[in-house]
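Single-letter residue listing:
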Amino acid sequence: MAEAESAAMEVDSGPLSPVKPPYASKGKAAAATVPPDSKSAPWVEKYRPQSLADVAAHRDIIDTIDRLTNENRLPHLLLYGPPGTGKTSTILAVARKLYGAQYHNMILELNASDDRGIDVVRQQIQDFASTRSFDAKCLVKLVLLDEADAMTKDAQFALRRVIEKYTRSTRFTLICNHVNKIIPALQSRCTRFRFAPLDATHVTERLQYIIQAEGIDVSESGLAAVVRLSSGDMRKALNILQSTHMASQHVTEEAVYLCTGNPLPKDIEQIALWLLNEPFTADISETKMRKGLALVDIVREVTMFMFKIKMPSDVRVQLVNDLADIEYRLSVGCSDKLQLGSLISSFTKARSALVAAANI
Ligand SMILES: Nc1ncnc2c1ncn2[C@@H]1O[C@H](COP(=O)(O)OP(=O)(O)OP(=O)(O)O)[C@@H](O)[C@H]1O
Ligand SMILES: [Mg+2]
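These numbers were taken from a predicted model, which means no experiment stands behind them.

> Help me understand the site of ligand 1 in this model?
Near ligand 1 there are 22 residues, and of these Arg48, Pro83, Gly86, Thr88 and Ser89 occur at the shortest range. Only helix H2 (43-46), helix H4 (87-99) and helix H11 (234-247) provide two or more residues apiece to the shell around ligand 1. Residues that form the shell around ligand 1 fall into these classes: eleven nonpolar, six polar and five charged. Three or more residues apiece are contributed to the shell around ligand 1 by two domains, here domain 1 (2-194) and domain 2 (200-260).

See below:
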């Protein structure tokens, strides 16, 4: 572990930023690269981790990959997990570490925007894998298949043999969101690493570093709102932070919710209160119109709210089930107005069940 860490510190990450991330405060690799002309650059790219030390969270995975890279024993890799968790950034940092200035000659990067049917496997990938590298230091080349879950089955089958045939000179890295879309034969040829959603602490730390680097004004509750809404997706967190900052000088909780169009927690509380206590009410419809809220967001947040309040579990089960049905119907395009009626009906039923339970 210590060995892997010290190795991580040696990574040359290019130009240095003035502020170091709090989770990796030593050595030049600890600083994220911030291009000088970057006032308007999207923060997701501006703050893309340049070295393995910059990648927040996933310490075990990063240390393992780092150790394997240092020992020149990199296996074929399969990195999977939900969006915005650092899969692409990690492998790009590995490539930068392995190849430095030779980076562009030594990797073949194909993503969903490239055609990756069977012809590409037969020609482009084979051509790249079969050509010899003249650089004695760089032993293996890297084929990076990003969004590999979008590859056709035929292409995946063709890749099996290619991976085996060129193992001496080439390493393959497959990256995807849905690992079940990768055929088992390919999975078994790779070492798998799952990138879980980032936990709130790591997202907060990384955001604090960026807030400091950008010198923006973010309140504590504003930061907590960004972390909550991002649900472990660092890309989403950065996009929310940047768009809220562009929309208002001070990033407060309210500004974050308004900018993203999400209902404020206090609105949800009020709506839940109406649903649980008032007879058929027009207030919800009025609030929804005035604040421009989407019914699907209200249903989702009210459902979460139902887990916070006390009620008999059979009533809760029925209610959550009804809310899930409404969410499904909304997702297939049913009318908002009728589904709002259905939402109120579900709560009316739940209220009767609560009264019956209290009378027993
Ligand atoms: N672990 C992380 N540490 C620091 N920044 C991160 C991390 N994960 C994501 N990011 C930020 O989010 C952006 C997107 O990350 P990345 O492209 O690595 O995600 P991904 O896991 O490949 O997502 P997808 O599955 O959508 O391709 C990066 O540019 C970076 O700014
Ligand atoms: Mg990616």
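Next comes the rest of the write-up.
> Teacher, can you tell me more about helix H7 (residues 153-165) here?
Two residues of an α-helix separated by three or four positions point the same way, owing to the 3.6 residues in each turn. Compared with the 18 Å implied by 1.5 Å per residue over 13 residues, the 19 Å span of H7 between its first and last C-alpha is a close match. The sharpest bend along H7 comes to roughly 25°, located at Leu159. All buried positions along H7 are accounted for by Ala155, Gln156, Leu159 and Ile163. Where the residues of H7 are buried, they touch helix H6 (118-130), strand S4 (170-176) and helix H8 (184-189).

> Honestly, the confidence of the model for the protein chain in this entry has me stumped. Any pointers?
Reading fine detail from the predicted coordinates is not recommended where pLDDT is low. On average, residues of the protein chain score 85 in pLDDT, and 87% of them are at 70 or above. Contacts for the low-pLDDT stretch residues 1-34, under 50 throughout, to residues beyond four places or in other chains number 69 contacts.

> Where do I start with unusual backbone geometry in this structure?
With glycine set apart, most residues show a phi of negative sign, and most peptide bonds adopt trans. A positive phi angle, close to 65°, is found at Ala57, a residue other than glycine. Tracing the chain through its elements places Ala57 in the loop between H2 and helix H3 (59-70). Here Ala57 falls in the buried class, since 22 other C-beta atoms lie within 10 Å of it.

Basis of the calculations
Residues numbered from 1 in each chain as written. Chains lettered and ligands numbered in written order. Predicted model: local features only at pLDDT ≥ 70, side-chain atom pairs only at ≥ 80, totals over all residues. Near = placed C-beta within 6 Å. Helix = DSSP H or I, 4+ residues; strand = E, 2+ residues; numbered from the N terminus. Nonpolar A, V, L, I, M, F, W, Y, C, P; charged D, E, K, R; others polar. Domains from an automatic or database assignment. Expected span 1.5 Å × (residues − 1). Bend = angle between axes of the 7 residues up to and from the residue. Buried ≥ 20, exposed ≤ 12 C-beta atoms within 10 Å, placed from the backbone. Contact = placed C-beta atoms within 7 Å. pLDDT = per-residue confidence, 0-100.

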